[in-house]
Amino acid sequence: MKNKLISAPYLVWMVVFILVPLLMVAYFAFTDKDGNFTLNYVADVAQYSQIFVRSIWLAAIATVICLVISYPLAYILTGMSKNTQSTMLMLVMLPMWMNFLLRTYAWMTMLGNNGIINSIFGFFGLGPYKMLNTEGAVVLGMVYNYLPYMILPLYSVMVKIDKSVIEAASDLGCNTWNTLFRVVLPLSLPGVMSGITMVFVPAISTFIISRMLGGGGNLLIGDLIEMQFLGNAYNVNLGAAISLVLMVIILLIMTIMNQFGSDDETVLM
Amino acid sequence: MNSIITLKDIVVEFDGERILDKINLDIKDKEFVTLLGPSGCGKTTTLRIIGGFINPDSGTVYFDGKEINGLPPHKRNVNTVFQRYALFPHLNVYENIAFGLRVKKVPEKEINKRVAEMLKLVNLVGFEKRTVQRLSGGQQQRVAIARALVNHPKVLLLDEPLGALDLKLRKEMQIELKRIQQQLEITFIYVTHDQEEALTMSDTVVVMNGGVIQQIGSPVDIYNEPENAFVADFIGESNILNGLMLKDKLVEISGRTFECVDGGFGDNTPVDVVIRPEDITIVAPDESQLCGVVESVIFKGVHYEMLIDAYDYRWIVHSTKAAEKGASVGLKFGPDDIHIMHKLKETEQFGEETPDEE
Ligand SMILES: Nc1ncnc2c1ncn2[C@@H]1O[C@H](COP(=O)(O)OP(=O)(O)OP(=O)(O)O)[C@@H](O)[C@H]1O
Ligand SMILES: [Mg+2]
């Protein structure tokens, strides 16, 4: 009884701010400008499949790169002294406190044809290379911006792994690699799963990064949706339909991921 | 017989505090050695040195005559039953036990056979599929034993492996472990603070206190000829009194003179005198030169334990016959029941817990 009372405000919150908006998105997706039911907009989404594929592809690459960078880093971090650990974590989180736009803008000036990197190449008689306005730049932007969201869940799962279990593995004949694959990896899977979610989901729907670093040629779903609401293509119903399809795709991918991961651990979504 | 493991002048310090102080230990092949001592005396640390989990600050570890300082645990032919089990939480009982064999790429059929053997041995048949979180403490402990033992190591380190079991199961497992040790001819290095367990199972008992080895010997030696008052006190209950060695074979206790069998301490030397409670007989007051009043009588199953106040000391006496509480009685013991030992140095005084943990 008391529990119900305490949870009441949260329930109200969830209904008003989560459930109702979701239903509204669905409503707009399945109606036309006059409010009549139609499947046209949802069907129209199909013509943007190329953009969907590109978004999924780039977000997936960024997620994998984040994982490859973060996993060893998080593992090494847990072996350090407590003080070093907290300093390193500070450094990881520090860029997150800087404005997102500013961070991305900084990369624009660095990657441009007259940017710092090409200037350095020029000094050695190389280049200039086209780096800005490429898919690579978009991926770089995603990795740079979302890396902390991979490191933190990995780290927090790995610090909880009992050191004595690692010792037991070593006692039973495991060298460092064996220990990593037979013990640390399976035990850190929940962290891997939530890290992937935390990077993949914002990366697939970003529009600032692709706009600033990808130029006009590397449109992502996020840009497409933004154009339907704020841009000159103004079409709320199509925007809602795209959002809905994107959500379904993300849900599908995450469900498949969770099947692939451990079955009794629930993953933060 | 050859030594399989030798510790030479091992010193371990944590944060400048000396945890092991010049440990010297020689363990023979196929021997059952028990490290016995109070909590915090460095038993686990000694095992960790042998297992390779920590390196000594100075001193040498030999395995089969070869120095193995710095050799990582997975390269040592030693397995450990950890004090806190350290089971793999992501694996079920079967896979936990099979772990070491899988790492060594033992064929599946052989794994199957050996794990089944182990499950039977530790009485966990039918638990194969359970995750280890869903086991009781005692069951987890038995999985830990099986997981180490299944590898048939040359040396098995067991850190209080039966601590979580009830008395009946503990007794059964003691017998089982001893049988396995003899059958598989594995050297056991066993840690316990249960002195009865140490005395019944071991070939050799190593009594430790405060990071220092107090005595190494067979259970009978340790019990009958304790080298100092700490060992006497730790191994079974004892009456430990201040005495004065008047001359060889004559000792003064509580102002009275007794004949004894020890000598070589020098004349008029202060000594510790140990008399076992079961070596004392209760007689009529006029038959003994040492009289006291019975303060309490407790039934202990096989015998009665009586506390008897005599002059400046409260004696513990074990007897199958109870005296009456409040009665005046005499205490009688023979010359060879009196064990004389050198006084411990002031710093090694036992009995007082030094608070070292904040
Ligand atoms: N990693 C460590 N850092 C600092 N001190 C430690 C560490 N490990 C053990 N010690 C200290 O070393 C001493 C010996 O510890 P050890 O674990 O060897 O005791 P033990 O004889 O096994 O005790 P118990 O019977 O309680 O298990 C203790 O005083 C303990 O506080
Ligand atoms: Mg211990």
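**Here we look at the overall build of chain A**
Check the secondary structure of chain A and you find 12 helices and zero strands. Mapped in sequence order, the helices and strands of chain A form the string α-α-α-α-α-α-α-α-α-α-α-α. Relative to its 269 residues, chain A shows a buried fraction of 39%. Pairs at least 24 residues apart make up 71% of the contacts formed inside chain A by residues separated by at least 6 positions.

**Focus on the sheet that holds strand E3 (residues 32-36) of chain B**
Residues and elements named next belong to chain B. Strands sit in the order E6-E7-E8-E3-E9-E10 across an open sheet of six strands; the sheet is mixed. Because the sheet does not close on itself, it has two edges, and the strands there are strand E6 (78-81) and strand E10 (212-217). Each strand of the sheet is rotated relative to its neighbour by a mean of 15 degrees, with strand direction disregarded. Direction of pairing for E3 relative to strand E8 (residues 187-192): parallel, over a ladder of five bridges. Its bridge partner lying in E8, Leu36 is registered against Thr192. Across the sheet, helix H4 (residues 137-149) is in contact with E6, strand E7 (155-159) and E8; its angle to E6 comes to roughly 175 degrees.

**Brief notes about the site of ligand 1**
Residue and element names in this part refer to chain B. Neighbouring ligand 1 are the residues Phe14, Ile19, Ser39, Gly40, Cys41, Gly42, Lys43, Thr44, Thr45, Gln83, Glu160 and His193. Note that an oxygen atom of ligand 1 is positioned 2.5 Å from one of the side-chain N or O atoms of Thr45. Here an oxygen atom of ligand 1 and a side-chain polar atom of Gln83 are 2.9 Å apart. Isolated, ligand 1 exposes 640 Å² of accessible area, and the fraction of that covered by the protein chains is 66%. By residue number, the principal contributor to the shell around ligand 1 is helix H1 (residues 43-51), which donates three residues. Residue composition of the shell around ligand 1, grouped by class: three nonpolar, seven polar and two charged.

**Considerations on the side chain of Ser288 of chain B**
All names here are of chain B. Within the fold, Ser288 resides in the loop between strand E15 (281-283) and strand E16 (291-299). For Ser288, a relative accessible area of 15% corresponds to the buried category. A polar atom in the side chain of Ser288 sits 2.8 Å from the backbone nitrogen of Leu290. Among the polar contacts listed, one links the side chain of Ser288 to the backbone oxygen of Leu331, at a separation of 2.6 Å. Aside from chain neighbours lying at most four places away, what touches Ser288 is Val283, Gly330 and Leu331.

**Remarks on the domain arrangement of chain B**
The domain boundaries assigned to chain B delineate domain 1 (3-224) and domain 2 (237-344). A C-alpha centroid distance of 39 Å is found between domain 1 of chain B and domain 2 of chain B.

How each quantity is defined
Residues numbered from 1 in each chain as written. Chains lettered and ligands numbered in written order. Predicted model: local features only at pLDDT ≥ 70, side-chain atom pairs only at ≥ 80, totals over all residues. Heavy atoms only, no water. Helix = DSSP H or I, 4+ residues; strand = E, 2+ residues; numbered from the N terminus. Buried < 20%, exposed > 50% of the residue type's maximum accessible area, 1.4 Å probe, protein only. Contact = heavy atoms within 4.5 Å. Pairing = 2+ DSSP bridges. Axes fitted to C-alpha atoms, helices over the stretch in contact; angles between N-to-C directions. Near = heavy atom within 4 Å. Polar contact = N/O pair within 3.5 Å; in protein donor to acceptor, adjacent residues only side chain to side chain. Areas by Shrake-Rupley, 256 points an atom, 1.4 Å probe, with all protein chains shown as cover. Nonpolar A, V, L, I, M, F, W, Y, C, P; charged D, E, K, R; others polar. Domains from an automatic or database assignment.

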